[in-house]
Structures are given as structure tokens and as C-alpha cells.
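For reference, the chains in residue letters:
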Amino acid sequence: MLSEQLDKKCICQETQRHFLNRAFDRLKLKEAQRELLLSSFRETQVTVPVTLRHNGENRLHTFQGYRVQHNHARGPFKGGLRFHPDVNMGEIQALAQLMTWKTALVDIPFGGAKGGIAVDPAQLNETELEELSRRFCQKMTPIIGVHDDIPAPDIGTNPQVMAWMLDEYSKSRGYRTAIVTGKPMEMGGCAGRLEATGYGVAHLTHKAAAEMSLTPEQSRVVVQGFGNVGSHTAIALAHKGYRIIALSDVNGGVVNEAGISIDHALAHIGESGTLTGLPGTSPISNADLLELSCEILVPAALEATINCDNADAIQAKLVVEAANMPVTHRADNQLQQRGVVVVPDLLANVGGVLASYYEWVQNLQQFPWDRETVLSRLESRLSRTYDAVAILANERQVDMRCAAYELAIRRVDQAVQLRGF
Ligand code: NAD
């Protein structure tokens, strides 16, 4: 077996490039078309200075911030902001591209972008985090806009960060609620947005499981990552009757073959800040958790968690990519060879950007919808998207990732041609 270099700086780009080239070949795109679809419209790197309190003294520290605007043929750039120590330009480029394919796949009038700052937000106090968010927004103001580029939360950011950015942007451009999505409800946020990604992951997991004749009662589920996406996926799957046997966060995992109460897990996290020590469970490492005997595995943490070193040890029959790029392309190949069904990220977690689109629409119309309306529109749009992918996969006798990329790239390419980019 080829040994995979797990340097995240290149693994995301390599994985993305592989999946894209496969789709480009199937679509018989010419070299120039490929170049155009692969290249970013604009890549911005900024230095963000923040005064940090260290050992009782104030010290100026600089962080590197990024915004990659990949493609806007189908509408304004759209994509999250990530605050994480591993953030780098390569990772942000790959994630920005992924947003272009996602918005096209789910057929909403947006392009793709992504941004972030190389920082561990847990090391900052609230004042420092606010200063970092506002300073970053000041530097981004010339290139973002309600009809140009609309940021949203991602790993390490949250509605409060969006509120600071909205306020900062408004100081120079006037009050514009639609400049960011994933805002607090009090500032024009969307009912159901917080749980939308996980809710969508659970909806699509349920659809994929049903096609494989896996009933909720028969299916043991493992979820890696218990943040926004992982926790809401677990909540929605438990609600549908699935047995969640293992969960994890950055500190490690917990397992109980008889099933874990998600309410207890949430309460424990609320008290202690981690899943570790959850009563009634045994500890397990994040690596061992992925290899547990189960029917459904939901990686909902970081990229490249399933790679060629552990792919053959995965026992799940269905892998649902709640995180972005959690399976490397070599691992994907290994899983396919063993008949493991993979619901790819660009389909599985698209509920987040769909709800972001609903938030933007409500802000522009100044007319909020209730949670039921948001989630029922989300479900029906996700079902339509899933069915379109499944039909194409069946027609072409390819896997769902192949079909999803083909559908999305065809749409972006058509818009690029029509606009004459
Ligand atoms: P989050 O920060 O809320 O949660 C991340 C979780 O992963 C936390 O439980 C954290 O403890 C855990 N984690 C971090 N490092 C880990 C490691 N090395 N091993 C195991 N667990 C680890 O982030 P999120 O918003 O839930 O995003 C998770 C993934 O989903 C990311 O890939 C993100 O890009 C993707 N995603 C998020 C959204 C969204 O709406 N939030 C939408 C689409 C895709």
C-alpha cells in the first residue's frame, strides 16, 4: 500500500484535485476549461495585529488571515471563516473550491469562498477574540459585500464572531444584516441555522441507510467530533431511533455498545467542557473510535481523518462525510473496493450553506421564516439533491461522489461559459 503523506498543507489540495480530475475527465473538459475552473478568482492574505495579555503584560501579536474567493459564476462568493491553528492558504484554497461545487450541487445562486485565521481561539480571552474578529473584518471589508462575498461561521467561529463582523462592517458601509450569515437570531439570524448542517447530515444519512435497507433500530452509529455538526447530527439521528454507540471530541472518545444518551452527553459537555468521563461510557481514542464495529460512521471533525493508514480497518457499511474532506482520495478508493458506501461531503453537509442561503434571502426581504419552514424547505431541497445524485450515479454506474462532482461542475462550467469568463 502507498504510504500517504499526511501533511495537511497538501493533502486537502491533492484529494480535491484527484476528485476533480476524475470528474473533468468524465465531462471531457478541455485543458483551458479545467484551468479556469480550478483557479481562484482572488486570494487574499492579511496580517491581523492583536494586543494579547500575557503574564500580566500587554504584547502585540500578529496572526495570518486568509480569504480565498474561488468562483462567482453563479452568484456572490459564499463560505465560512475558520479559526484554527492549522489554517493555511493551501487548505483554504481547497475548501473554497469545495464551496463552489456545493452551492452548485444544491443549486443556490452563490459561488464559493473560504477564509480563516491561523489561531487557536481557545488561547484568547473574549476581548482578544473580539479584537481579532474586528481587525480581520476591517481588512476584509474592501472585498466582501452583500452581493459580493458573504462569510459565515466554520470551525472555531460562531454567531458572536459573526455579530462582531457585522457591526464592524456596518461602521463603514451602513447596517447590512445580509453581510454575514450564521448570525445570532437577535441580529437577523435564521431559525434552525445552528442545527441545519447536522440536521441535514442526519436527513441524508437516513435516506442513504434506507437505500441500503439499514433500519434505525439495526444501525449502530459512531460520530467523530461533537461540535456544531457532530452534536446536531447525533441529536437528529437519535431522534430518528438510531443507536449512537460512540462519540468524540478533540480530547478523545467515549463508547457504550448499548447506546449513549445524547441529552446526557450534552449536559456533561455543558458542565465539564468535554465528553471525557461521561458516566456510563468507556474511554476510547479518536483513532480506535473510527475502527469500531458499527453500521454508520460519521466523521464530523477535521480533514483526512480517514486515510490510507486506517481505511482498511473501517468496519462501517456507510460513511457519511459530515466534515469537509474527512476521507482522502486513496482511502476513498480503499473504501469503494470493500463496498463501503460514502455519502460525500459536498452532498452530506450542504445543509449548512443551504440554511445560510435561506438566512440571506430572509435578510434581503426583511421577512423572517419560522424554524419549521426553514427545516422543511431544507429537507425537501436536500432530498431533491440526493435523488438527483443517486439517479446520475445509477445511470453512469459510478459512486455518489463522482456523480455529485459531475453534476456540480457541469453547472459551474455552464455558468462560466454563459458569462464568458
Ligand atoms: P466545531 O468546532 O463546532 O466542532 C469540531 C469538533 O471536532 C469538536 O467537537 C472538536 O473537539 C472536535 N475535534 C477537533 N479536533 C479534533 C481531532 N483532532 N480529533 C477528533 N475531534 C476533533 O466545528 P463544526 O462547525 O462542527 O465543523 C466540523 C466539520 O464540519 C468541519 O470540517 C467543517 O468544515 C464542516 N462543516 C461545518 C459546517 C457548519 O455549519 N458548522 C457546515 C459544513 C461543513
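Here the structure is shown first, and the text comes after it.
Notes on the structure in this doc start here.

Calculation notes
- Residues numbered from 1 in each chain as written.
- Predicted model: local features only at pLDDT ≥ 70, side-chain atom pairs only at ≥ 80, totals over all residues.
- Heavy atoms only, no water.
- Helix = DSSP H or I, 4+ residues; strand = E, 2+ residues; numbered from the N terminus.
- Rg over C-alpha atoms; globule rule 2.2 N^0.38 Å.
- Buried < 20%, exposed > 50% of the residue type's maximum accessible area, 1.4 Å probe, protein only.
- Contact = heavy atoms within 4.5 Å.
- Areas by Shrake-Rupley, 256 points an atom, 1.4 Å probe, with all protein chains shown as cover.
- Lys, Arg positive; Asp, Glu negative; His and termini not counted.
- Charge placed at Lys NZ, Arg CZ, Asp CG, Glu CD.
- Polar contact = N/O pair within 3.5 Å; in protein donor to acceptor, adjacent residues only side chain to side chain.
- Axes fitted to C-alpha atoms, helices over the stretch in contact; angles between N-to-C directions.
- Left-handed = near helix turned anticlockwise from the far one by under 90°.
- Nonpolar A, V, L, I, M, F, W, Y, C, P; charged D, E, K, R; others polar.
- Core = buried A, V, L, I, M, F, W, Y, C linked by side-chain atoms within 4.5 Å.
- Pairing = 2+ DSSP bridges.
- Near = heavy atom within 4 Å.

**Examining the overall build of the protein**
The helix and strand tally for the protein stands at 14 helices and 12 strands. Relative to the compact-globule value of 22 Å for 421 residues, the protein shows a C-alpha radius of gyration of 21 Å, a close match. Relative to its full complement of 421 residues, the protein shows a buried share of 60%. Here the analysis covers contacts within the protein between residues at least 6 apart in sequence; of these, 69% occur between residues at least 24 apart. Looking at the protein as shown, the accessible area adds up to about 16900 Å², and 49% of this sits on carbon and sulfur atoms. Side-chain charges in the protein split into 41 positive and 47 negative, and the spacing between the mean points of these groups amounts to 6 Å.

**Looking at the side chain of N363**
With respect to the helices and strands, the residue N363 is situated in helix 12 (residues 351–365). Separated by 2.9 Å, the side chain of N363 and the backbone oxygen of G188 make a polar contact. If sequence neighbours within four positions are ignored, N363 has contacts with T177, A178, V180, K183 and G188.

**Some remarks on the packing of helix 6 (residues 193–211) against helix 12**
Where helix 6 contacts helix 12, the axes come no closer than 7 Å and their chain directions differ by 145 degrees. Here the hand of the crossing between helix 6 and helix 12 comes out right-handed. For the pair formed by helix 6 and helix 12, the contact residues are R193, A196 and T197 on the first element and G351, G352, A355, S356 and E359 on the second. Taken together, the residues of the contact of helix 6 with helix 12 sort by class into two nonpolar, four polar and two charged.

**Overview of the nonpolar core**
Grouped together as the largest cluster of nonpolar side chains are 115 residues, with contacts concentrated most on W101, L132, L247, I296, Y405 and I409. At 11 residues, the largest contribution of residues to this core is made by helix 14 (residues 400–419). Apart from residues no more than four positions distant in its own chain, L132 is found in contact with V48, V50, F63, F83, I117, V119 and L124. Within the second largest apolar cluster, 20 residues are counted, among which are L297, A311, A331 and L335.

**Re helix 10 (residues 329–337)**
Within helix 10 the residues assigned to the buried category are H329, A331, D332, Q334 and L335. Of the residues one or two after helix 10, G339 is the one with positive phi, at around 75 degrees.

**Some thoughts on the sheet that holds strand 10 (residues 296–299)**
Working definition: the strands of a sheet are paired by backbone hydrogen bonds and lie parallel or antiparallel to each other. Taking strand neighbours across the sheet as the criterion, the seven strands line up as 9-8-7-6-10-11-12 in an open arrangement whose pairing is mixed. Two strands bound the open sheet, and with one partner strand each, they are strand 9 (282–284) and strand 12 (341–343). Across the sheet, the mean angle separating the axes of adjacent strands is 20 degrees when strand polarity is ignored. In this structure, strand 10 lies alongside strand 11 (residues 318–320), joined through two bridges in parallel fashion. Residue pairing across strands places I296 opposite L318, the latter belonging to strand 11. This element, helix 7 (residues 228–239), spans strand 6 (220–224), strand 7 (243–249) and strand 10 of the sheet and lies at about 170 degrees to strand 7.

**Considerations on the site of the ligand**
Around the ligand sit 21 residues, and of these R82, T197, N228, V229 and V250 come closest. For the ligand, an oxygen atom lies 3.0 Å from a polar atom in the backbone of F226. In the environment of the ligand, an oxygen atom lies 3.2 Å from a nitrogen or oxygen atom belonging to the backbone of A301. Relative to its free-state accessible area of 830 Å², the ligand is covered by the protein chains to the extent of 81%. At the level of elements, helix 6 and helix 7 are the ones that each hand at least two residues to the shell around the ligand. Within the shell around the ligand, the residues separate by chemical class into nine nonpolar, eight polar and four charged.

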